[in-house]
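This is what each chain is made of:
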Amino acid sequence: MKIVVIGGTGLIGSKVVTKLTEHGHEAVAAAPNTGVNTLTGEGLAEALAGAQVVVDVSNSPSFEREAVMKFFQTSTGNLLAAEAEAGVGHHVALSVVGTEKMADNGYFAAKIAQEQLIEKSGIPFSLVHATQFFEFVKSIADAATQDGTVRIAPVRFQPMAGEEVAQAVGRAAVGTPLNGRTEVAGPDQSQMDDFFRAALAAWGDPREVVTDPQAQYFGSVPGERTLVPGDGATLGQIHYRDWLAAQGQEKK
């Protein structure tokens, strides 16, 4: 099949393109640096010509509330219109576990708006809701740092490897449209503050992790189970410490 991957040169998109190509599909990496811009519509019609499936793993360059909402509404609207014109039969989008549980959060609200556009489009679709990526764990710690301490809420946390996010997205792309969502997460669930204590120790990072029930997660206080999937989620097999060791990032 011809499968166009929007955001196909990024962290997850490049892995999706590689996996689909290995399985014999014509996977096209579509991004501004390959001449496809979903915000302006530039290059979309040409990229989508003859495509059976479109995978959208693109992300907003800004997480500021208004900017992220504008990004997802504009890019998704342009993309869906181009798909309808091209006769695309399946739209796959990567989203986040817990979007509807933290709708006061600007990023999560924008992902909800994106999903609503997809659901109303009339194009068969699959939504892949993933937990946080191992690749972003350090940036989560940095965002939670105040006065040299990492303030983390004692809520459930179940991150996963980007490699397994890409696997789940690839599976959805070659499968029958769900016209709904599937959830994917890492193999291990723990308390978020405990996870970060162990993670910082593994990095050799001297910052103290402080348990703070009011600590914000990118601008909002998460609930006990906001960031973890419900029953029936597909779980990955890569553990964080193994992933870290494979990246060469673990403290020797």
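Definitions and cut-offs
Residues numbered from 1 in each chain as written. Predicted model: local features only at pLDDT ≥ 70, side-chain atom pairs only at ≥ 80, totals over all residues. Heavy atoms only, no water. Buried < 20%, exposed > 50% of the residue type's maximum accessible area, 1.4 Å probe, protein only. Helix = DSSP H or I, 4+ residues; strand = E, 2+ residues; numbered from the N terminus. Arc of directions from axis to C-beta. Contact = heavy atoms within 4.5 Å. Pairing = 2+ DSSP bridges. Axes fitted to C-alpha atoms, helices over the stretch in contact; angles between N-to-C directions. Polar contact = N/O pair within 3.5 Å; in protein donor to acceptor, adjacent residues only side chain to side chain.

## Structural notes on helix 8 (residues 240-247)
Considered for burial, the residues of helix 8 that qualify are Tyr240, Trp243 and Leu244. All buried residues of helix 8 fall inside an arc of 100° around its axis, so they share one side. Structurally, helix 8 contributes buried residues whose contacts are with helix 5 (137-143) and helix 7 (192-203).

## Here we look at the sheet that holds strand 12 (residues 234-235)
Overall, parallel pairing links the seven strands, which are arranged 2-1-3-4-5-9-12 in an open sheet. The open sheet has two edge strands, strand 2 (26-30) and strand 12, and neither has a second partner. Here strand 1 (residues 2-6) runs beside strand 2; their pairing, made up of five bridges, is parallel. Among the inter-strand pairings, isoleucine 3 is bridged to a residue of strand 2, identified as alanine 27. Against the sheet, helix 1 (residues 11-22) engages strand 1, strand 2 and strand 4 (90-96), with an angle of about 170° to strand 1. In this fold helix 3 (residues 65-86) packs onto strand 1, strand 3 (53-56) and strand 4, with an angle of close to 175° to the strand it touches most, strand 3.

## A closer look at the sheet that holds strand 11 (residues 208-211)
With mixed pairing, three strands are arranged side by side in an open sheet as 6-7-11. Each edge of the sheet is formed by a strand with only one pairing partner; in this case those strands are strand 6 (145-146) and strand 11. Pairing between strand 7 (residues 149-152) and strand 11: four bridges, direction parallel. Looking at strand 11, one finds that arginine 151 is bridged to valine 210. On the sheet, helix 7 packs against strand 7 and strand 11 and is oriented at approximately 175° with respect to strand 11.

## Remarks on the side chain of glutamine 158
With respect to the helices and strands, glutamine 158 occurs in the loop between strand 8 (156-157) and helix 6 (162-174). Reaching out from glutamine 158, the side chain makes a polar contact with the backbone oxygen of glycine 186 at a distance of 2.9 Å. Ignoring anything within four residues of it in the chain, the contact list for glutamine 158 reads Thr131, Ala185, Gly186, Asp188, Gln189, Val228, Pro229 and Leu235.

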